[in-house]
Amino acid sequence: MSVISLLQECTVASLSKLYQKPFTSKDFQVNQTKPEFEGDYTVVLFSLVKSLKLSPDAIGQQLGAELLASYPGYFSAFNLIKGFLNITVKDDFWTGLLEKHYNDTGYGKRARNGRKVMVEYSSPNTNKPLHLGHLRNNFLGWSVAEILKANGYEVIKSCIVNDRGIHICKSMIAWQLFADGATPQSTGIKGDHFVGDYYVRFNDAYKQQVEVLVEGGMTKEEAEKEAPIMKATQQMLLDWEAGKPEVMELWKTMNGWVYAGFDVTYKRIGSDFDKTYYESDTYLLGKDIVQQGLDKKVFYQKEDGSIWIDLTADGLDEKIVQRKDGTSVYITQDIGLALQKYEQYGIDQSIYVIGNEQNYHMKVLQLICQKLGMPNAGNIFHLSYGMVELTTGKMKSREGTVVDADDLVEEMIATSRKHTEELGKVKDFTPDELTVLYETIGLGAMKFYLLRVDPKKTMVFNPEESIDFHGFTGPFIQYTHARIKSILRKMETEPSPTTERSAPEVSLFKAEKELLVILEQYPTVLEQSCQEHDPSVLANYIFGLAKQFNSFYSEHSVANAENPEKKILRTKLSQMTAHVLKSGMQLLGIGVPDRM
RNA sequence: GGUCCGGUAGCUCAGUUGGAUAGAGCAUCAGCCUUCUAAGCUGAGGGUCAUUGGUUCGAAUCCAAUCCGGAUCACCA
């Protein structure tokens, strides 16, 4: 049990005893005490004033005294300032926590709870390489999945690849027209970039053709429809749907190039999936559901044959689920896939990591699933995240203002190499060790940068300033971990009996206790970041812990502690901090080096 | 126009179901390496929490209105 719930329970009991009536933990608030005051946690008394008809001061005095009298094992002091009852938790409690967990690498994690969750994330289009926005999605999805695991869920990471449709046909047409048989192999260009280049070529050519047609007297709208390259693309889409062999052949080949490229990127950034769906397999799903929905009268048919759902009662609009020609629309296959996920895996919850531009779409999807009476439809959760924008505005692939994922990764690794070389602390590393270190630090900086922000919020990336390695960053935390490891290496070589129990009467300095107070919160933070599907909660916490450790580090020496008890205490403190830093960073997908 | 999201220091961001004098990092300035890694530590300056009103012991937080920015409302995906 966390200190905060402990204090809540003790307060409830004390209040009931003092005033002879029932209380719950909701009758008052417990906060962490502000640093400028004496104490660890604070009971806010104002909310009790009315019902007890007593002054905050009177309640505080009585409650404080009662807490100390009834729970001498937990609380050692209290003070009362303007309606805030500040409680000091006994040093024994903190050292007891340390004894219990200093060598516990699983600290904060929970046992299996028997629940199964699917996290769908990444979901790229196969016509262009990954960019910064995809990175946010990938890091978020991966981290949320790991956080769920740490909280006892069984997790299936999934990905739906948007491998068919007009977008990939654009790249295919452009390749036919302009490539002259070139391949990634013949040009030495990574497959996803190679295909992406033809997507750009398509847009250039298209734009040019539209201009010519407009000059010839067409309206822009007409020209956009009539441009030969666009017509060819639409024909190709029809040919694809008809299964025309040479189109299928080209489609497979070009997607193959893209996948080869994606594989490299995914491997490097650490994304992995238990199940990959392909839209070419799923785009026909949901058709029979439409019929069932019609029978259940959830959907209705218009005279022209198109099928709709009326969501106006739910504050939304009417939404089409099948075209008049009988073909399905985007949402139809989503319904089908949603059902398939439940049927295949028996999941309790289905999480979709998708940008907030699709909030409406996802709302519609969930609503339809619910109205169709699909199992666990209420547990569809759209983890909606904000766009990554640049200081110059939004990223637009057509205007070439996207930050490419591979480029950014390279840049981060190069920067980490530069910093590391300048500092010159790892000159004895082998080339292989150095490669690993540079990647760990560079990727760590990038991942932390994207994960430390509340997922829901739009965030701004400034490409002019590279991502920082100081302050509230991944490398700061990695560095803190490396520092601790350095201490622990030193301790190992000494005959110091670190397994011996430290004297319980050893009193704690402020910096030592502060560290324990933060360490104690880790399980709670882990749970919170899980409930809120929010890795930034964890990231902020880890930073606070690392900061506190550095503060402690500069104030107190571990190796040259005042006495053996302190030396043991601080060694354990360092050890536990290292474990929590490592565990927390691991859940963000970031490694922590032993030296850097 | 309807719906939804956002607006906190020069910049990037925290700020728990309302709680003490609104916090970090970067940037700026001033200190700290003969002592466990200075990718660090300590301190200073920097705020009309978009605006106005309301709710109450108390509001960045809740409510209403207004201003600004964004997303979305396709027989596109």
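Just so you know, the residues in each chain are numbered from 1, in the order the chain's sequence is written. By the order in which they are written, chains take letters starting at A while ligands take numbers starting at 1. Totals for whole chains, interfaces and linings use all residues, but because this is a predicted model, local features are given only for residues with pLDDT of at least 70 and pairs of side-chain atoms are given and counted only at 80 or more. To get the side-chain values, take all heavy atoms of the structure and skip hydrogens and water.

> What is the right way to read the overall build of chain A from this model?
Scanning chain A for helices and strands turns up 22 helices and 14 strands. The proportion of buried residues among the 596 residues of chain A is 52%. Only heavy atoms matter for contacts: two residues are in contact if any of them lie within 4.5 Å across the pair. Contacts in chain A between residues far apart in sequence, at least 24 positions, make up 74% of those at least 6 positions apart. The method behind every accessible area is Shrake-Rupley, applied with a 1.4 Å probe, and residues are considered shielded solely by the protein chains displayed. Roughly 27,800 Å² of accessible area belongs to chain A as shown, and the carbon and sulfur atoms make up 50% of that amount. Across chain A, the 66 positively charged side chains and the 78 negatively charged ones have centroids separated by 4 Å. Numbering goes from the N terminus for both helices and strands, where a helix is a DSSP run of H or I of at least four residues and a strand is a run of E of at least two. Only protein chains enter the accessibility calculation, which uses a 1.4 Å probe; a residue is then buried when its area is under 20% of its type maximum, exposed when over 50%, and partly exposed in between. Under the counting rule used here, the positive set is Lys and Arg, the negative set is Asp and Glu, and His together with the chain ends is not counted. The location of each charge is read from NZ of Lys, CZ of Arg, CG of Asp or CD of Glu.

> Looking at this structure, I do not really get the domain arrangement of chain A. What am I missing?
Accessible area lost upon the coming together of the parts is a frequently used measure of interface size. Split by domain assignment, chain A resolves into domain 1 (3-89), domain 2 (165-281) and domain 3 (405-587). Bear in mind that the domain bounds are from an automatic or database domain assignment. Here the C-alpha centre of domain 2 lies 66 Å away from the C-alpha centre of domain 1.

> Even after reading the chapter, I still don't get the sheet that holds strand 12 (residues 380-385), so can you show me in this structure?
One key point about sheets: their strands pair by backbone hydrogen bonds, in either a parallel or an antiparallel sense. Pairing within the open sheet is parallel, and its 5 strands lie in the order 7-6-5-11-12. Unpaired on one side and paired on the other, strand 7 (275-278) and strand 12 mark the two borders of the sheet. Adjacent strand axes in the sheet meet at a mean angle of 25 degrees, parallel and antiparallel pairs treated alike. Inspection of the sheet shows strand 5 (residues 116-120) paired to strand 11 (residues 349-355) by 4 bridges, in the parallel sense. Bridge pairing in strand 11 places Glu120 opposite Tyr352. Here, a strand pair is defined by DSSP locating no fewer than two bridges between the strands. Helix axes are fitted to C-alpha atoms over the stretch in contact, other axes to C-alpha atoms as well, and angles between N-to-C directions run from 0 to 180 degrees.

> Sorry, what's going on with the pattern of salt bridges here?
Pairing between side chains of opposite charge can happen when their charged atoms approach one another. A pair is scored as a salt bridge if a Lys or Arg side-chain nitrogen falls within 4 Å of a carboxyl oxygen belonging to Asp or Glu. Scanning all chains against the criterion turns up 25 salt bridges. Notably, a salt bridge pairs Asp454 with Lys456, separated by 3.7 Å at the nearest N-O pair. Where Arg570 meets Glu562, a salt bridge forms, and the shortest distance between an N and an O atom there is 2.8 Å. You can call Arg570 buried: its relative accessible area is 0%. Here the salt bridges do not stand alone but share partners, grouping Glu146, Lys149, Lys157 and Asp272 into one network.

> Just to check I follow, could you spell out the protein's contact with RNA strand B for this structure?
Neighbouring RNA strand B are 63 residues; Asp304, Lys394, Lys425, Tyr479 and Ser486 lie closest to it. Any residue with at least one heavy atom within 4 Å of a molecule or strand is counted as near it. For RNA strand B, the fraction of atoms within 4 Å of the protein that belong to sugar or phosphate moieties is 63%. In protein, a polar contact means a hydrogen-donor-capable atom and an acceptor-capable atom, both N or O and within 3.5 Å, with residues adjacent in sequence counting only if both atoms are side-chain atoms; elsewhere, any N or O pair within 3.5 Å suffices. Between RNA strand B and Lys34, the relevant distance is 3.3 Å, taken from a phosphate oxygen to a side-chain nitrogen or oxygen of the residue. Only strand 2 (41-44), helix 2 (46-52), strand 4 (84-89), helix 15 (359-371), helix 16 (405-423), strand 14 (459-461), helix 18 (474-493) and helix 21 (535-555) provide two or more residues apiece to the surface near RNA strand B. For this classification, Asp, Glu, Lys and Arg are treated as charged, while Ala, Val, Leu, Ile, Met, Phe, Trp, Tyr, Cys and Pro are nonpolar and the rest, including Gly, are polar. By residue class, the composition of the surface near RNA strand B is 23 nonpolar, 20 polar and 20 charged.

> Please explain helix 14 (residues 330-345) as it appears in this structure.
A turn of α-helix holds 3.6 residues, and therefore any two residues three or four places apart point the same way. Expected span of a helix: the number of residues minus one, times 1.5 Å. Over its 16 residues, helix 14 extends 23 Å from the first C-alpha to the last, a length consistent with the 22 Å expected when each residue adds 1.5 Å. Within helix 14, burial applies to Ile331, Thr332, Gln333, Asp334, Ile335, Gly336, Leu337, Ala338, Leu339, Lys341 and Tyr342. Phi turns positive, to about 60 degrees, at Gly346, one or two residues after helix 14.

> How should I be thinking about the state of the cysteines in this particular structure?
What makes a disulfide is a covalent bond joining the sulfur atoms belonging to two cysteines. The term disulfide is used for any two cysteine sulfur atoms that are within 2.5 Å. All chains considered together, the criterion is met by 0 disulfides. This cysteine, Cys369, is not joined by any disulfide, and Cys159 carries the nearest cysteine sulfur, 20 Å off. Taking the relative accessible area as the measure of exposure, Cys369 reaches 0% and is therefore buried.

> Sorry if this is basic, but what is going on with the packing of aromatic side chains here?
Any pair of aromatic rings gets described here by the distance separating the centres and the angle formed by the planes. Aromatic pairs are defined between Phe, Tyr and Trp rings, using the six-membered ring for Trp, whenever the two ring centres lie within 6.5 Å; interplanar angles under 30 degrees are classed as stacked, those over 60 as edge-to-face, and all others as tilted. This structure, assessed with the given rule, holds 24 aromatic pairs. Between Tyr71 and Tyr74, the ring centres sit 6.4 Å apart and the planes meet at 15 degrees, which makes this aromatic pair stacked. In this structure Tyr74 comes out as partly exposed when scored by relative accessible area, which is 33%. By way of ring pairs, the aromatic residues Tyr71, Tyr74, Phe75, Phe93 and Trp94 are connected into one cluster.

> Honestly, the pairing of strand 4 in this entry has me stumped. Any pointers?
For strand 4, a buried count of 5 out of 6 residues is recorded, marking the element as mostly surrounded by other parts of the structure. In this structure, strand 2 lies alongside strand 4, joined through 4 bridges in antiparallel fashion. Within the sheet, the bridge partner assigned to Tyr41 lies in strand 4 and is Ile87. By the bridge criterion, 6 bridges tie strand 3 (residues 75-81) to strand 4 in an arrangement that is antiparallel.

> How do you make sense of the packing of helix 17 (residues 431-451) against helix 18 when you look at a structure like this?
Packed helix pairs are characterised by how far apart their axes lie and by the angle those axes make with each other. Across the interface, helix 17 lies against helix 18 with an axial gap of 7 Å and an inter-helix angle of 130 degrees. As far as their axial angle goes, helix 18 and helix 17 are oblique. Where helix 17 abuts helix 18, its residues Thr440, Ile441, Gly444, Ala445 and Phe448 lie against Gly474, Pro475, Ile477 and Gln478. For the contact of helix 17 with helix 18, the class distribution of residues is 5 nonpolar, 4 polar and no charged. Note on angle classes: values under 35 degrees are labelled roughly parallel, values over 145 roughly antiparallel, values of 65 to 115 roughly perpendicular, and the remainder oblique.

> I'm lost on the sheet that holds strand 10 (residues 318-322) in this one. Help?
Within the open sheet, the 3 strands sit side by side as 8-9-10. Their pairing is antiparallel. Either end of the sheet is taken by a strand with one partner, and the two such strands are strand 8 (300-301) and strand 10. With 4 bridges joining them, strand 9 (residues 307-310) and strand 10 adopt antiparallel strand pairing. Following the sheet pairing, Ile309 is matched in strand 10 by Lys319. Against the sheet, helix 13 (residues 287-295) touches strand 8, strand 9 and strand 10, its axis set at about 125 degrees to strand 10.

> When you look at the environment of Glu357 in this model, what are you seeing that I'm missing?
Mapping Glu357 onto the fold places it in the loop between strand 11 and helix 15. Judged by relative accessible area, Glu357 falls into the exposed class, the value being 60%. With 27 residues separating them in the primary sequence, Glu357 and Ser384 have C-alpha atoms 8.4 Å apart.

> I would appreciate a short explanation of the packing of helix 4 (residues 91-101) against helix 22 (residues 564-587) in the present structure.
Following both chains from N to C, one finds helix 4 and helix 22 inclined at 65 degrees, their axes separated by 10 Å at the closest point. For the element pair helix 4 and helix 22, the recorded crossing hand is left-handed. Together, Thr95, Leu97, Leu98, Glu99 and His101 of helix 4 and Leu569, Lys572, Leu573 and Met576 of helix 22 make up the contact between the two elements. Split by residue class, the contact of helix 4 with helix 22 holds 5 nonpolar, 2 polar and 2 charged. By definition, any crossing whose near helix is turned counterclockwise from its far helix by less than a right angle is left-handed, and any crossing with a clockwise turn is right-handed.

> Where do I start with the confidence of the model for chain A in this structure?
The predictor rates its confidence in each residue with pLDDT, a number between 0 and 100. For chain A, per-residue confidence averages 92 on the pLDDT scale, and 98% of positions sit at 70 or higher. Both confidence scores are given for the complex: pTM 0.96, ipTM 0.96.

> Looking at this model, I keep getting lost on helix 13. Mind explaining?
Looking at helix 13, one finds that the buried residues are Ile289, Val290, Gly293 and Leu294. Projected down its long axis, helix 13 carries its buried residues within an arc of 145 degrees, all on one side. Of the residues trailing helix 13, Lys297 is marked for its positive phi of about 65 degrees. Note that the arc is defined by the directions from the helix axis to the C-beta atoms.

> What should I look at first to understand the side chain of Asp334 in this one?
Tracing the sequence through the fold places Asp334 in helix 14. Discounting chain neighbours no more than four positions away, the residues touching Asp334 are His361 and Leu365.

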